[in-house]
Amino acid sequence: MRVAFAGTPEFAAVALRDLLAAGVTVPLVLTQPDRPAGRGLHLQPSAVKQVALQHGLPLMQPRGLRLDGRWAEDAAAARSALLLAAPDVLVVAAYGLILPHWALDLPRLGCVNIHASLLPRWRGAAPIHRAIEAGDTQTGISIMRMDAGLDTGPVYRMQDIPIAPDETTPSLHDKLAVLGGKLVLQTLADLAAGVAEPTAQPAEGATYAAKIDKRETWLDWSLPAADLERRIRAFNPAPGTQARLGDLTLKIRAARVGRTVHVAQPPGTLLAAQAQGVEVACGQGSSLCLTHLQRPGGKPMDAGAFLRSQPLTPGQRFASGFLAATD
């Protein structure tokens, strides 16, 4: 089979490497344009582009795929390249552009998406982050035949994995990326053999994994500590979580639910500042122990090292949420 590929980050690059290792013919790769990154904001190629270049694969980086859109010339060039590549299937993984009807209809066997959730739960842009943040105990990979909806197509294969109590987005990402490469190869084998039969997603249980808004990165101390601890793990390392204490803005890199149960202290109040952690009052009488923090321009430090350079005093109070923290 001829399998074109569309994807951008490392999650997708893992699947592309697996396809190539299995000897699959990849006549064309689509990925997002290079983006500025790092301290110097130099243009950086995507993880998928790097794999394509390493293997000498035909590569395109259209800014859009709508033939009537802002980047119509890019879309027309991509369409011509796909027609020339004549793929039997287009495999899509975290590409970042919506496929219009012309792209969905072009491959003989359709477009197959590697999605990092157990559909229909967590359709959308950030399924790994949202599963951890919500406290889900399991997630998985769904291999879906794409349609015009947002992750609404029928599913060829699905496999679940547990979410560990200390799971972070990078650790779960890596497990799911490996599983995604494995399942898409099995699906392609079924398609080649003519035995792939996708199953429609159930109408019940659909949730949407919205893209993370910058406002969500500011901790709202009125929430229970368990909710905040999950958010810190889910948003680690990017986009991260933060809070403001007076004139000081801190990145919160790691935390655990504290043992202190408070009654009278308002949320955000600093309850203790020790080497084991900086304990902060949260909603419902709970507390959160901040174990790793980072000042602007500095490196992440454990609580003990941070307190040696920046002493804190019980009774100080963190601002709560986006509006309070940015006043």
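These notes cover the structure that comes with them. (Residues numbered from 1 in each chain as written. Predicted model: local features only at pLDDT ≥ 70, side-chain atom pairs only at ≥ 80, totals over all residues. Heavy atoms only, no water.)

## Looking at the side chain of Ser 287
Relative to the assigned elements, Ser 287 resides in strand β16 (residues 287-294). By relative accessible area, which is 1% here, Ser 287 ends up buried. Of the polar contacts made by the side chain of Ser 287, one reaches the side chain of Glu 279; its length is 2.7 Å. The contacts of Ser 287, once residues within four sequence positions are left out, are Ala 225, Val 257, Gly 258, Arg 259, Thr 260, Leu 271, Glu 279, Val 280 and Cys 282. (Helix = DSSP H or I, 4+ residues; strand = E, 2+ residues; numbered from the N terminus. Buried < 20%, exposed > 50% of the residue type's maximum accessible area, 1.4 Å probe, protein only. Polar contact = N/O pair within 3.5 Å; in protein donor to acceptor, adjacent residues only side chain to side chain. Contact = heavy atoms within 4.5 Å.)

## Considerations on the pairing of strand β14 (residues 270-274)
With four bridges connecting them, β14 and strand β15 (residues 277-281) associate as antiparallel partners. When the bridges of β15 are listed, Gln 274 appears paired with Gly 277. (Pairing = 2+ DSSP bridges.)

## Section: the nonpolar core
Membership of the largest hydrophobic core comes to 47 residues, with the highest contact counts inside it found for Phe 5, Leu 16, Ile 114 and Ile 141. Within the second largest apolar cluster, 23 residues are counted, among which are Leu 245, Cys 282, Leu 290 and Phe 318. (Core = buried A, V, L, I, M, F, W, Y, C linked by side-chain atoms within 4.5 Å.)

## Section: the pattern of salt bridges
Counted by the stated rule, this structure contains 13 salt bridges. Between Glu 133 and Arg 231 there is a salt bridge, with the nearest N and O atoms lying 2.9 Å from each other. Of the two residues, Glu 133 sits in helix α5 (residues 127-134) while Arg 231 sits in helix α7 (residues 225-234), which places them 98 residues apart along the sequence. The residues Glu 133 and Arg 231 share a single accessibility class, namely buried. Between Arg 233 and Glu 229 there is a salt bridge whose closest N-O contact spans 2.6 Å. Placement of the pair is Arg 233 and Glu 229 together in helix α7, with a separation of four residues, close to one helical turn. (Salt bridge = Lys/Arg side-chain N within 4 Å of Asp/Glu carboxyl O.)

## So, the environment of Ile 128
Looking at the secondary structure, you find Ile 128 in helix α5. With 40 residues separating them in the primary sequence, Ile 128 and Thr 168 have C-alpha atoms 9.1 Å apart. In this structure, Ile 128 is in contact with Ala 116, Thr 169, Leu 172, His 173 and Leu 176, ignoring residues within four places of it in sequence.

## Observations concerning helix α6 (residues 169-193)
Its 25 residues give α6 an end-to-end C-alpha distance of 36 Å, which sits within 8% of 36 Å, the value for a rise of 1.5 Å per residue. Count one or two residues on from α6 and you reach Gly 194, which has phi positive near 75 degrees. (Expected span 1.5 Å × (residues − 1).)

## As for helix α2 (residues 47-54)
Along α2, the positions that sit buried rather than exposed are Ala 47, Val 48, Lys 49, Val 51 and Ala 52. Of the surrounding elements, those touching the buried residues of α2 are β1 (3-7), α1 (10-21), β2 (29-30) and β5 (59-60). Positive phi appears at Gly 56, one or two residues downstream of α2, with a value of about 65 degrees.

## Regarding the sheet that holds strand β6 (residues 89-93)
Spatially, seven strands are ordered β5-β2-β1-β6-β7-β9-β10 in an open sheet, and the strand pairing comes out mixed. At either margin of the open sheet sits one strand with a lone partner, and together these are β5 and β10 (155-162). Sheet analysis places strand β7 (residues 111-115) next to strand β9 (residues 138-145), joined by four bridges and oriented antiparallel. Opposite Ile 114, over in β9, you have Ile 143 as the bridge partner. Across the sheet, α6 is in contact with β1, β6, β7, β9 and β10; its angle to β10 comes to roughly 155 degrees. (Axes fitted to C-alpha atoms, helices over the stretch in contact; angles between N-to-C directions.)

## A word on the packing of aromatic side chains
Across all of its chains, the model carries one aromatic pair by this definition. With 5.3 Å between their ring centres and 35 degrees between their planes, Trp 221 and Phe 318 make a pair best called tilted. With Trp 221 in the loop between β11 (208-209) and α7 and Phe 318 in the loop between α8 (303-309) and α9 (321-326), the pair connects residues that are 97 residues apart, well separated along the chain. Residue class for Phe 318 comes out buried when judged on its relative accessible area of 2%. (Phe/Tyr/Trp six-rings, centres within 6.5 Å; stacked < 30°, edge-to-face > 60°.)

## Some words on the pairing of β15
For β15, a buried count of five out of five residues is recorded, marking the element as mostly surrounded by other parts of the structure. Neither face of β15 is exposed, since Gly 277, Glu 279 and Ala 281 on one face and Val 278 and Val 280 on the opposite face are all buried. Remark: two residues form the turn of the hairpin made by β14 and β15, two consecutive strands paired antiparallel. Sheet topology note: the β15/β16 ladder contains four bridges and is antiparallel. Within β16, the position partnered with Ala 281 by the bridge is Ser 287. The hairpin turn running from β15 into β16, its antiparallel successor, is five residues long, and Gln 284 in that turn takes a positive phi close to 60 degrees.

## Notes on the packing of α5 against α7
Each pair of packed helices can be summarised by the angle the axes make with each other and by the distance between the axes. Running from N to C, α5 and α7 point in directions that differ by 160 degrees, and their axes come no closer than 7 Å. Compared by their axis directions, α5 and α7 come out roughly antiparallel. The handedness of the crossing between α5 and α7 comes out as right-handed. For the pair α5 and α7, contact is made by His 129, Ile 132, Glu 133 and Ala 134 and by Arg 230, Arg 231, Arg 233 and Ala 234, respectively. Residue composition of the contact of α5 with α7, by class: three nonpolar, one polar and four charged. (Parallel < 35°, antiparallel > 145°, perpendicular 65-115°, else oblique. Left-handed = near helix turned anticlockwise from the far one by under 90°. Nonpolar A, V, L, I, M, F, W, Y, C, P; charged D, E, K, R; others polar.)

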